[in-house]
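Coordinates in review
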Amino acid sequence: MAKLRVLVAGVIGWCLWWGVAPPAAAAATAVPPLPGPVVRGFDPPDQPWLAGHRGVDLLGTVGADVVAAMAGRVVFSGTLAGRGVVVVSHGALHTTYLPVNPTVAVGAQVGTGQVIARLAAGHGCPGGTCLHWGLKRGDTYLDPLSLLDTGPVRLLPATSVELVGSLLADRTQALAAGGRLPGLLTRPVPGAVGSGFGMRLHPIFGEWRLHDGVDLSAGCGTPIRAAADARVTSVSRDPASGNRLELDHGQVGGQHLVTIYLHAQGFSVRAGASVRRGQAVGRVGSTGWSTGCHLHFTVKLDGSYSDPERFL
Ligand SMILES: [Zn+2]
Ligand SMILES: [Zn+2]
């Protein structure tokens with residue numbers, strides 16, 4: 001209990017840190033705990049008692065997966081001053097994640113990129129909710145972005161914060177108005193649209209029906225990639241859909257976004273799993289009511305079918 005109090009004091013005061021640490025694997029590759037972008041950078045105060053920003057803020061949505069930036073051991077998982085916090089030890093380095101709803105327990109070993117929590121509300125930033133991501137070596141705060149290779153996280157200057165906010169507002173409006181948002185989703189297979197969204201003469205039944213998605217041309221066995229970060233809602237099989245996968249992308253622009261993938265040979269993920277944007281989740285097939293290998297790709301917004309081409 002004493003140890004815990006010291007630890008808690010350390011997290012609250014951002015000053016004490018317990019434990020004798022082996023040398024850190026400073027060269028280890030890290031991943032951003034959320035895709036970002038970074039809307040507030042690292043701005044440590046000149047003196048410990050002054051205000052500053054002892055980490056970076058990554059823009060996300062409530063409920064989004066938060067992953068461990070590097071492999072390590074969970075040394076704190078709980079609530080501090082009303083906010084959920086996870087702290088992962090990587091030897092001499094610690095990374096902190098808040099505010100979150102932790103999904104790991106103290107003592108758990110976690111791998112790089114493993115989900116450790118879901119983003120919670122409470123660290124507001126323009127355009128939505130932010131994850132505050134911190135990095136410490138002993139008592140010293142470091143810039144967590146220094147862990148990353150230059151790639152995935154875009155650091156926006158403070159002047160861009162308003163821009164991000166207005167971009168998100170535009171996105172919300174475009175979704176509500178049925179507009180196009182190219183790039184919101186990654187194309188799950190490279191092929192062109194063979195049959196579009198809307199009413200069509202059904203190729204097997206010869207009657208007019210709503211084609212509730214698009215048929216993307218792809219050879220048998222082509223990897224199917226998740227259109228965005230998601231949790232797997234279900235993997236199932238029925239006579240019409242063949243092998244069917246449903247992914248839940250959470251709230252986007254105030255609407256609940258779901259994607260569905262039909263006719264696959266099979267899927268390599270299970271219900272409940274977290275998947276990253278672009279991750280291979282299965283292979284194209286021709287199961288169910290299908291006349292040849294292709295991917296039927298469906299997008300649902302708040303439960304209603306929407307033309308996937310709006311988002312690709
Ligand atoms: Zn912050
Ligand atoms: Zn189809």
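The structure this text deals with has already been given above.
The rules behind the values
- Residues numbered from 1 in each chain as written.
- Chains lettered and ligands numbered in written order.
- Predicted model: local features only at pLDDT ≥ 70, side-chain atom pairs only at ≥ 80, totals over all residues.
- Heavy atoms only, no water.
- Salt bridge = Lys/Arg side-chain N within 4 Å of Asp/Glu carboxyl O.
- Buried < 20%, exposed > 50% of the residue type's maximum accessible area, 1.4 Å probe, protein only.
- Pairing = 2+ DSSP bridges.
- Helix = DSSP H or I, 4+ residues; strand = E, 2+ residues; numbered from the N terminus.
- Donors = N, O, S within 2.8 Å, 3.2 Å for Na, K, Ca; no water.
- Axes fitted to C-alpha atoms, helices over the stretch in contact; angles between N-to-C directions.

Counted under the stated rule, the structure contains 5 salt bridges. The salt bridge partner of Glu246 is Arg244, with a shortest N-O separation of 3.1 Å. Exposure remark for Glu246: the relative accessible area of 18% places this residue in the buried category. Among the ionic contacts, a cluster of salt bridges with common partners joins Asp65, Arg118 and Arg231.

With that settled, consider the pairing of strand β4 (residues 72–80). A regular strand places its side chains so that they alternate between the two faces of the sheet. By the bridge criterion, 2 bridges tie β4 to strand β8 (residues 109–110) in an arrangement that is antiparallel. Looking at the pairing, Gly72 lines up with Val110 of β8. The pairing of β4 with strand β5 (residues 83–90) spans 7 bridges and is antiparallel. By the bridge assignment, Thr79 is partnered in β5 with Gly84.

Bound to the zinc ion (ligand 2) on the protein side are His211 (NE2), Asp215 (OD) and His296 (ND1), at distances that span 2.0 to 2.2 Å. Sequence positions of the residues that donate to the zinc ion (ligand 2) give the spacing H-x3-D-x80-H. Placement of His211 in strand β15 (residues 208–211) and of His296 in strand β24 (residues 294–301) is noted, with a sequence separation of 85 residues between them. Neither residue differs from the other here; His211 and His296 are each classed as buried.

Turning next to the sheet that holds strand β9 (residues 115–119). With antiparallel pairing, the 3 strands of this open sheet are ordered in space as β3-β9-β7. Bordering the open sheet on either side are β3 (65–67) and β7 (100–102), each of which pairs with just one other strand. When strand polarity is set aside, the average angle formed by the axes of neighbouring strands in this sheet is 40 degrees. Note that β3 and β9 share 3 bridges and pair antiparallel. In the sheet register, Asp65 faces β9, and the bridge partner there is Arg118.

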